[in-house]
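Given next are the chains, with one letter for each unit.
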Amino acid sequence: MPTELLSRAQIRDRWGDLLAGFEPAPADHPIAAGMPAGSVTDDTEQAVLLGRLLVSGHGTIEPDEFASALVRWERDMAGRGFLSLLGPSTKRAVEAILNGTPPDEAGSAGTTNGAAMRITPVGIAVPLPSARATAVAFTRNELSALVDQVVRASYVTHNTGIALAGAAAVAAAVSAGVGGATVAEATALAIEAARIAARRGHWVAGADVASRIAWAAGLTASRSRRPEAGGGFPRREAADLIYRLVGTSLATQEAVPAAFAVLAAVPGDPWRACLLAASLGGDCDTIAAMAGAIAGACHGLGAFPPDAVAVIDAQDLGLTALADDLLALRAGPEGETR
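Conventions and cut-offs
- Residues numbered from 1 in each chain as written.
- Predicted model: local features only at pLDDT ≥ 70, side-chain atom pairs only at ≥ 80, totals over all residues.
- Heavy atoms only, no water.
- Helix = DSSP H or I, 4+ residues; strand = E, 2+ residues; numbered from the N terminus.
- Buried < 20%, exposed > 50% of the residue type's maximum accessible area, 1.4 Å probe, protein only.
- Contact = heavy atoms within 4.5 Å.
- Core = buried A, V, L, I, M, F, W, Y, C linked by side-chain atoms within 4.5 Å.
- Axes fitted to C-alpha atoms, helices over the stretch in contact; angles between N-to-C directions.
- Parallel < 35°, antiparallel > 145°, perpendicular 65-115°, else oblique.
- Left-handed = near helix turned anticlockwise from the far one by under 90°.
- Nonpolar A, V, L, I, M, F, W, Y, C, P; charged D, E, K, R; others polar.
- 1 Å grid on protein atoms, 1.4 Å probe; cavity = no way out; pocket = protein on both sides within 12 Å on 5 of 7 lines; lining within 4 Å.
- Points joined across faces, edges and corners; volume = space filled by probe spheres on them.

Chemist: Tell me about the overall build of the chain, residues and numbers included.
Modeler: Looking only at helices and strands, the chain features 17 helices and zero strands. When the backbone C-alpha atoms are referred to their principal axes, the chain occupies close to 55 × 50 × 40 Å. When the 338 residues of the chain are sorted by exposure, 56% land in the buried category. When contacts within the chain are restricted to residue pairs at least 6 apart in sequence, those whose partners lie at least 24 apart make up 73%.

Have a look at this one:
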């Protein structure tokens, strides 16, 4: 939240190379001035909204209901003075729906990262058929079933191949992680899911999301394996490389690959991944949300510092109960993972 929309140089000047934990927003922040440490942005707000709809719909999201929920959420955000936090694709789709555009047409131009930033609940609720398999072991039909759910949860605001590919990558990685996959295994599945989802929705010109995830993850992973890195990747070099080469804008083709680049740089420490992502600049709250969701799915809640967990619990978002409900959907009516 405090670093969103700031440049990498601004963040480094104020906090150093890497954030040490949750921080309040600076008084001169362009959209979050005065927000206390640990406050959430639209990424978390919309993820919670989506998760609760999944639970109330017993694993199914009705597009019309989602559109109505987004309209109510937008009005609530405006009432709290947070209208500027709406992403461009979601804002455009909500305005179109309010003006009478059918939900299945409202997202036809949505290419930014809003679908990917909120898709984590789908990854938690929808299992993949094997916990530790690589992407090669999955038939396209098995991954396509997950992609179907991603599309259903996204097309109201982001019905383009680019946006759906980014959302499918995050959902597949989260689902794989919950099922026991490592970060590397989850990334491989994410790339395959992005390839499938890129053929869904409306075509728009833009770089291939799956290819950019593979390239970005390889970029930072290869640096961390160099002998001079000593088995680690200097945090300043990692942040600067992702910021300069991968990109940290609202574009799905930048933000989603950036999240996977962060994970490849620090695959064994989800909290450090969150701090690195939040230190990048640009749309770094979204990048950190995606990287944190995937790393958390792969490593579990116990891998995060208790004081950091306590800060989020204090926001009273009901995340523990929501996560339990989503895992119950994953387990199915018989209590065993589908």
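Chemist: Please set out the nonpolar core residue by residue, giving values where relevant.
Modeler: Most often, soluble globular proteins have nonpolar side chains that are buried together. Of all hydrophobic cores here, the largest spans 104 residues; its most connected members are I119, V122, F260 and V262. Take this core: its biggest share by element is 12 residues, from helix 9 (residues 161–178).

Chemist: Tell me about the packing of helix 9 against helix 15 (residues 284–299), and please be specific about residues and values.
Modeler: Contact geometry for helix 9 and helix 15: axes closest at 6 Å, N-to-C directions at 20°. When the interaxial angle is binned, helix 9 and helix 15 end up roughly parallel. Crossing of helix 9 over helix 15 shows left-handed handedness. For the pair helix 9 and helix 15, the contacting residues are V170, A173, V174, G177 and V178 in the first and M290, A293, I294, A297 and C298 in the second. Of the residues belonging to the contact of helix 9 with helix 15, the class tally is nine nonpolar, one polar and no charged.

Chemist: Before we move on, could you go through the layout of surface pockets and cite the residues and values that matter?
Modeler: Within this model, the largest pocket holds a volume of roughly 1,600 Å³. If you go around the largest pocket, you meet 48 residues; those closest to its centre are G292, A293, F304, I312 and L319. Mapped by element, the contributors of at least two residues to the lining of the largest pocket are helix 2 (42–56), helix 7 (120–125), helix 9, helix 14 (270–278), helix 15, helix 16 (306–313) and helix 17 (319–331). The leading source of residues in the lining of the largest pocket is helix 15, at eight residues. Partitioned by chemical class, the residues of the lining of the largest pocket number 32 nonpolar, 11 polar and five charged. Approximately 190 Å³ is the volume attributed to the second largest pocket. Along the wall of the second largest pocket there are 11 residues; nearest its centre are V183, A184, T187, A221 and A264. Those elements that provide at least two residues to the lining of the second largest pocket are helix 10 (183–197), helix 11 (209–224) and helix 13 (252–265). Among the elements that make up the lining of the second largest pocket, the one with the highest residue count is helix 10 (five residues).

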